[in-house]
Amino acid sequence: MLKRIDASQVRIGMFVEAIEGLWQDPLLSRRRFSLRRETDAAKIRKCGTASVVINTSKGVDTDGLPGRDTEIDIKAALETVHKSVQILEEVFGKLRNGEGISADHVAPVISSVSKSMEENPSVFLSVTRLKSKDEVTFLHSISVSALMILFGRHLALDEETVQMLGTAGLLHDVGKLEIPLEVLNKEGRLEQDEITLIRGHPEKGHAFLSRQEGMSQIVLDVCLNHHERMDGKGYPRRLPGSKVSLHTRIATICDVYDALTSVRPYKARWSANDALKWMLGNEGHFDRRLLKKFALCLSVAAVS
């Protein structure tokens, strides 16, 4: 299982998935490696970086013993994510080529993700956290879908609505298909025209999905409005909070939380606590009452 630890806890025998923070060392710059030398472990402990992500199924845990989490759960989660990415690639490819899709095309993904979130949400979400540049869009969509399913069930919404929330999470960023990868993956500050281009993705996605067969209003609503804010300063329509639906409020929380807590190239992952603290302090962006319920949901599910 992927586990986040303080740099001071690093020891020989651990399998490092990511070192979070701005610190870099030319000898330890590989993204994934097994720690075999005490000098390397000591170097990481002294580097002052915020945290290190280890994989206890491939190396020792903080107590020096092999991780006790079953590899069966991890392998099942990885298989689900891999198959889900393949299906999303096909679905997004159809849309990019002007072909039609329906909600049935992503139904297998929703079924698998839904089952995984019932069995072990912490393990499933942990394997989606490390996003490579090529996988960001797909894994982000899968993560948001999973979080929306988890949160919808926590709110005791009916299962049909929960499944639609999951579908909305998968398709909420489909408008990014029309944005060049060099803009989406740009590491530095965006120019104003690039910001304008990215901010057009909700309307482009809504236009895509509106032409498809059998798309529910929940999916269309979330796609168009997931960047709206409770204070009316969001985009694309600057809707007042009273006009932002419950489904979109859920999506906005899950979308931002996943973005903040994911490891990406050149971006450190925030801890769950830091992300939630920032979100709660970001006045006017989120439904604060709903956000507090989301924090409780994560605590109950032992998601970090």
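A few points on the structure. What you see is a predicted model; the values in this text were computed from it and never measured.

### Quick word on helix α1 (residues 38-45)
Phase 1: Of the residues making up α1, those classed as buried are Asp40, Ala41, Ala42 and Ile44.
Phase 2: Looking at the buried residues of α1, the elements they touch are β2 (15-20), β3 (33-34) and β4 (51-55).

### Re the pattern of salt bridges
Phase 1: Counting across every chain of the model gives ten salt bridges.
Phase 2: Where lysine 83 meets glutamate 79, a salt bridge forms, and the shortest distance between an N and an O atom there is 3.0 Å. One end of the pair is lysine 83 and the other is glutamate 79, both in helix α2 (residues 71-96) and four residues apart, which spans about a single turn.
Phase 3: You can call lysine 83 partly exposed: its relative accessible area is 45%.
Phase 4: Judged by relative accessible area, glutamate 79 falls into the partly exposed class, the value being 42%.
Phase 5: Taking the shortest distance from any N to any O, the salt bridge between glutamate 118 and arginine 153 comes out at 3.4 Å. Note that glutamate 118 is positioned in helix α3 (residues 107-119) and arginine 153 in helix α5 (residues 136-154), a separation of 35 residues in sequence.
Phase 6: Overall, the relative accessible area of 57% leaves glutamate 118 in the exposed class.
Phase 7: Several salt bridges converge on common partners, so that one network encompasses Glu118, Arg153 and Glu159.

### A look at the side chain of glutamate 194
Phase 1: As for its placement among the helices and strands, glutamate 194 is situated in helix α8 (residues 192-198).
Phase 2: Only 2.7 Å separates the side chain of glutamate 194 from the backbone nitrogen of glutamate 191, close enough to count as a polar contact.
Phase 3: Once you skip the residues sitting within four places of it in the chain, glutamate 194 turns out to touch Val183, Lys186 and Arg189.

### Some details on the nonpolar core
Phase 1: Residues Met148, Tyr257 and Phe294 are the most contacted members of the largest nonpolar core, which totals 63 residues.
Phase 2: If you tally residues by element for this core, the top one is α5, at ten residues.
Phase 3: Residues in contact with methionine 148, not counting those within four places in the same chain, are Leu165, Ala168, Gly169, Val222, His247, Ile250, Ala251 and Cys254.
Phase 4: One finds Ile5, Met14, Phe33 and Ala41 within the second-largest nonpolar core, a separate group that totals 13 residues.

### A word on the state of the cysteines
Phase 1: A complete count under the given rule lists zero disulfides for this structure.
Phase 2: Cysteine 254 takes part in no disulfide bond, and the closest cysteine sulfur, belonging to cysteine 297, lies 7.9 Å away.
Phase 3: Take cysteine 254: its relative accessible area is 0%, and that puts it in the buried class.

### Examining the packing of aromatic side chains
Phase 1: Applying the stated rule across the entire model yields four aromatic pairs.
Phase 2: Between phenylalanine 92 and phenylalanine 138 the ring centres are 5.7 Å apart and the planes differ by 50°, which places this aromatic pair in the tilted class. Here the residue phenylalanine 92 occupies a position in helix α2, and phenylalanine 138 occupies one in helix α5, the gap between them amounting to 46 residues. The pair phenylalanine 92 / phenylalanine 138 is uniform in exposure class, with both members buried.
Phase 3: A centroid spacing of 6.0 Å and a plane angle of 85° characterise the contact between tryptophan 270 and tryptophan 278, whose relative ring orientation is edge-to-face.
Phase 4: Linked through ring pairs, Phe151, Tyr257 and Phe294 together constitute an aromatic cluster.

### Description of the sheet that holds β4
Phase 1: Within the open sheet, the four strands sit side by side as β1-β4-β2-β3. Their pairing is antiparallel. Taken across any chain shown, the strands that pair with only one partner, and hence form the sheet edges, are β1 (2-5) and β3.
Phase 2: Strand direction decides the pairing type here: β2 and β3, joined by two bridges, are antiparallel. Of the residues in β3, the one forming a bridge with phenylalanine 15 is serine 34.

Thresholds applied
Residues numbered from 1 in each chain as written. Predicted model: local features only at pLDDT ≥ 70, side-chain atom pairs only at ≥ 80, totals over all residues. Heavy atoms only, no water. Buried < 20%, exposed > 50% of the residue type's maximum accessible area, 1.4 Å probe, protein only. Helix = DSSP H or I, 4+ residues; strand = E, 2+ residues; numbered from the N terminus. Contact = heavy atoms within 4.5 Å. Salt bridge = Lys/Arg side-chain N within 4 Å of Asp/Glu carboxyl O. Polar contact = N/O pair within 3.5 Å; in protein donor to acceptor, adjacent residues only side chain to side chain. Core = buried A, V, L, I, M, F, W, Y, C linked by side-chain atoms within 4.5 Å. Disulfide = S-S within 2.5 Å. Phe/Tyr/Trp six-rings, centres within 6.5 Å; stacked < 30°, edge-to-face > 60°. Pairing = 2+ DSSP bridges.

What is shown is where atoms sit, not what they do.
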